[in-house]
Amino acid sequence: MRPRTAERAPAQPCGRSGGPPSLSWVGGGTSRKKPSRRTLARTVRSRLCLEKIFPRWFLYSRALSGAEAVNALRPFYFAVHPDFFGQHPREREVNENSLKRLSVYLENLQKPGFKSLKPTQLTFYVRERDQNSSDGQEPFSTAGFRAVKFTLHTRDLLSTVLYILNSCSLSIEHIQSLNTTVHSQPLKEAKRMPDRPIRWDKSYYSFTGFKDPDEDFEQVSRMETTLTSWLDNNGKSAVKKLKNSLPLRKELDRLKDELSHQLQLSDIRWQRSWGIAHRCSQLHSLGRLAQQNLETLKNAKGCTLVFTDRSGMSAGGHVMLGTMDVHHHWAKLFERLPSYFDLQRRLVLLEDQISHLLGGIRVVYLEELQPALTLEEYYSLLDVFYNRLLKNRILFHPRSLRGLQMILNSDRYAPSLHELGHFNIPTLCDPANLQWFILTKAQQARENMKRKEELKVIENELIQASTKKFSLEKFYKEPSVSSIQMVDCCKRLLEQSLPYLQGLHLCVSHFYSVMQDGDLCIPWNWKNGEAVK
């Protein structure tokens, strides 16, 4: 069966970016300075533009939480879930990879201090709807699917969810019910023209071919997946795929060990969950380059090498090899490594100088909680913050804050304390506010850090206990899953009897999936028992 390709590009009548127009003033926020006529005109045009793209209630709705966003995207997940593409491995793999990239995008939107994201282009194969389906039957046809491409460049969860659903021609009516604080009468015009959805008889949708706005959501609710039912349906498939991948897994381990020893690398990693065959191919490419330029590649001695989307050096000091780059680009990168090491030394010195000015608090870069930055981008961020500290001297007792940690954000928000114990400090934070905040929150930060260490010990113990009880070959989690979420997941798993897991690779994630090489992915907040209606 060949898919029908239909590249989806939602209309953008009022903006240049890939997503909906900005809502910074349109949403009715107050301003100290009276806006000019030109500003008012732009606002009116933006509001009219948004009303064309999204329903009226969108302009007055509150932001979605992470859980609400997942709930709102259920019809989308149901239409693109890899489990429904078992007979089409290529389309299944595309959807698996795109779902992971989307998961990272949504996670980044929720990170403290995240101001903007780079445009992310995604491709999904969406199952075609069966126009002849009746009540209680599967609303999606198994006979076909279409390819949908769109680019995300949104700044909040609500506009992201709406953009995805619109791009895939899925209903957005159910989202309004999630916004419990929508203003009942946002404008005087709303009194004269109530915005009430029209409820048509189901025969109308069958006759016209239009989609019933509530059908997708109801179908997902009726068929909510539980852990035991999903394992029953997918356990054999995972075992078969894992068995088929074993030769390639051995080859991957061999190549990784050989290259690590040959180039004296600290480690070789992958930023994304590429398949085993894909990883082997990347290592073969690196091996061929090593045969041609061995001395140049030895510049990476002692480094961690990461296959990722672009080449360079990361803020964490890892050598990044862009998987889309050719050997020539990789060779140039290895030649430039000495200059990167020099910049890295200057960066460490800059961190020490900031630490000295702030009473010994340590500046750290946490890959799992911060945007993916290059070494140059991170150095620039530190330099801006350091120069602001020099201009506005803050008085801290020397070494009074030793043992505490902080990360830098490139936004203009106030500082905050993360539950894991580190401070989130905006680059352009007011120095006086920064001093007051750090001093008043220092003790709480120490307590949070102590709880984090205790939680990490409990997490490792539960992982070991789960691995032993279920005889798992491998048990791990995605970086976006927190220690608190992992602990909760493991505790509930240990209460279950799950013989299907013996000898498998189990990954705790945010959705159900069987990876192409047999790894089982389950959401950390999995449900068990009867499906919730």
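Residues numbered from 1 in each chain as written. Predicted model: local features only at pLDDT ≥ 70, side-chain atom pairs only at ≥ 80, totals over all residues. Heavy atoms only, no water.

### Re the nonpolar core
Note the threshold: Joining through side-chain atoms within 4.5 Å is the link that ties buried Ala, Val, Leu, Ile, Met, Phe, Trp, Tyr and Cys residues into a set, and such a set is a nonpolar core. Partly exposed residues are those whose accessible area sits between 20% and 50% of the maximum for their type, while under 20% is buried and over 50% is exposed, using a 1.4 Å probe and protein chains only. Under the DSSP-based scheme used, a helix requires at least four consecutive residues in state H or I and a strand at least two consecutive residues in state E, with every element numbered from the N terminus. Contacts between residues were defined by any pair of non-hydrogen atoms, one from each residue, lying within 4.5 Å.
Counting residues in hydrophobic clusters, the biggest one holds 64 residues, and the most contacted among them are Leu286, Phe307, Leu358 and Phe423. At 12 residues, helix α12 (residues 327–357) tops the list of elements feeding residues into this core. In this structure, Leu358 is in contact with Phe385, Leu389, Ile394, Phe396, Leu401, Met406 and Leu434, ignoring residues within four places of it in sequence. Counting residues in each nonpolar core, the second largest holds 29 residues, with Leu64, Leu99, Val161 and Leu170 among its members.

### Digging into the confidence of the model for the protein
Condition: Confidence of the prediction at every residue is given by pLDDT, a number between 0 and 100.
Taken residue by residue, the protein gives an average pLDDT of 77. The fraction at 70 or more is 73%. Per-element mean pLDDT across the protein ranges from 36 in helix α6 (residues 188–192) up to 94 in helix α15 (residues 483–493). Taken together, the stretch residues 130–143 has pLDDT below 50 and engages in 29 contacts with residues farther than four places along the chain or on a different chain.

### Looking at the pattern of salt bridges
Quick note on the threshold: For salt bridges, the criterion is a side-chain nitrogen of Lys or Arg within 4 Å of an Asp or Glu carboxyl oxygen.
Tallied over the full model, the rule gives 12 salt bridges. Note that Arg254 and Glu258 form a salt bridge whose closest N and O atoms lie 2.7 Å from each other. You can see Arg254 and its partner Glu258 sitting in helix α9 (residues 227–263), four residues apart, about one turn around the helix. Accessibility expressed as a relative area gives 35% for Arg254, which makes it partly exposed. Using a relative accessible area of 43% as the deciding quantity, one classes Glu258 as partly exposed. For Asp267, the salt bridge is made with Arg269, and the minimal N-O distance between the two is 3.1 Å. Judged by relative accessible area, Arg269 falls into the partly exposed class, the value being 38%. Overlapping salt bridges bring together Glu251, Arg254 and Glu258 as one network.

### Comments concerning the pairing of strand β7 (residues 319–322)
Rules: Only strands that DSSP links by at least two bridges are regarded as paired with each other.
Both faces of β7 are covered, namely the face carrying Val319 and Leu321 and the face carrying Met320 and Gly322. The pairing of strand β5 (residues 304–308) with β7 spans four bridges and is classified as parallel. When the sheet's bridge partners are listed, Phe307 is paired in β7 with Leu321. Of the strand pairs in this sheet, strand β6 (residues 312–313) and β7 are connected by two bridges, and their pairing is antiparallel. Paired with Gly312 across the two strands is Met320, which belongs to β7.

### As for α9
In plain terms, the rule: A helix is expected to reach a length of 1.5 Å times the quantity of its residues less one. Note that bend, as reported per residue, equals the angle between axes fitted to the 7 residues terminating at that residue and the 7 residues originating from it.
With 37 residues, α9 extends just 43 Å between its outermost C-alpha atoms, more than 12% less than the 54 Å of an ideal straight helix rising 1.5 Å per residue. When the local axis directions of α9 are compared, the greatest deviation, roughly 50 degrees, occurs at Asn234. Positive phi appears at Gln264, one or two residues downstream of α9, with a value of about 55 degrees.

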